[in-house]
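Commentary on secondary and tertiary structure
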Amino acid sequence: MDIGFEDGGAITRAAVVVLAWPGLAVLEEVVHREPTRFPYVPGLLAFRELPAALAAFSRLSRRPDLVMVDGQGIAHPRRLGIAAHLGLWLDLPTLGIAKKRLCGRHGEVPDTRGDWTPLLDGDEVIGAVLRSRVGVKPVYVSPGHRLSLASAVEWTVACLGRTKLPEPTRLADRLASRRGRKSGSGQT
DNA sequence: GCGACAG
DNA sequence: ATCTTGTCGC
């Protein structure tokens, strides 16, 4: 799942792409658009993007087994990033894959694809800074709801293609930001 | 008071 | 997030 915006932010666009396991074949895609009604405030991303995301999920003809979200899971000041928040509402296992750090600190990231270093907030491990692709900025992985950090990292690595972002998030990203095309929902 | 700050 | 041309590298 990922969110995009249109008209300079006036319209929020939620995209959900369902993939099969194993194989990662695309099974279904849904796009939901609605007026944006909350500003971007670091730490309060869910208030801005969750409404549209939930609407998109309600249009799904299937109930996913695991949800990957573009954003933080528990790697959040109050351990409630958008991935964790979405998991609570959907009552499904979720994990977050962010392209930037919101909070926490970490050492150098290994250069080997698949390797990672913990993201720490004091003594607490809140996520993993993973090298998803050599020579590219790492991604921030953190459990959202109902799964461990180890599992979050495993699923992320298992879904990696040749790009920085794992397939689920990469496809949702493309669908959420791609302009034109007919809006609404659809199946494949 | 001065930075930091997911998307 | 979004806008936006060219450019470097595999």
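Here's a quick rundown of the structure. Everything numeric here is computed off the predicted structure, so don't read it as measured data.

1. Structural notes on the pairing of strand E1 (residues 2-6)
Buried residues dominate E1, accounting for four of its five residues. Here E1 runs beside strand E2 (residues 11-19); their pairing, made up of five bridges, is antiparallel. Note that in E2 the partner of Gly4 across the bridge is Arg13. Linkage of E1 to E2, two consecutive antiparallel strands, is achieved through a turn of four residues, within which Asp7 is found at a positive phi near 50 degrees.

2. Some details on the protein's contact with DNA strand B
In the region of DNA strand B, 18 residues are neighbours, and Tyr40, Gly43, Ile82, Lys99 and Arg101 sit closest. One of the backbone nitrogen or oxygen atoms of Gly43 is found 3.1 Å away from a base nitrogen of DNA strand B. Between a base nitrogen of DNA strand B and a main-chain N or O atom of Ile82, the distance comes to 3.1 Å. In terms of residue count, helix H1 (residues 45-58) provides more of the surface near DNA strand B than any other element does, three residues in total. The class makeup of the residues in the surface near DNA strand B is seven nonpolar, four polar and seven charged.

The rules we used
For every chain, the first residue of its written sequence is number 1, and the numbers climb from 1 along that sequence. Throughout, the order in which chains and ligands are written sets their labels, letters from A for the former and numbers from 1 for the latter. Local features are withheld for residues below a pLDDT of 70 in this predicted model, meaning they are given only at 70 or higher, and side-chain atom pairs are given and counted only at 80 or more; totals for whole chains, interfaces and linings count all residues. Computation of side-chain values covers all heavy atoms of the structure but excludes hydrogens and water. The classification of residues rests on relative accessible area computed with a 1.4 Å probe and restricted to protein chains. Under 20% of the type maximum is buried, over 50% is exposed, and intermediate values are partly exposed. The helix and strand labels rest on DSSP assignments: H or I over at least four residues marks a helix, E over at least two residues marks a strand, and numbering proceeds from the N terminus. DSSP-based pairing: two strands are paired if at least 2 bridges between them are found. Throughout, the term near means that a residue has one or more heavy atoms lying within 4 Å of the molecule or strand in question. As used in this structure description, the phrase polar contact means that two N or O atoms lie within 3.5 Å; if the pair is within protein, one of them must be able to donate a hydrogen and the other to accept it, and residues adjacent in sequence are counted only when both atoms belong to side chains. Side-chain classes follow a simple rule in which Ala, Val, Leu, Ile, Met, Phe, Trp, Tyr, Cys and Pro form the nonpolar group, Asp, Glu, Lys and Arg form the charged group, and the remainder, Gly included, forms the polar group.

No statement about biological role is implied by the geometric values presented.
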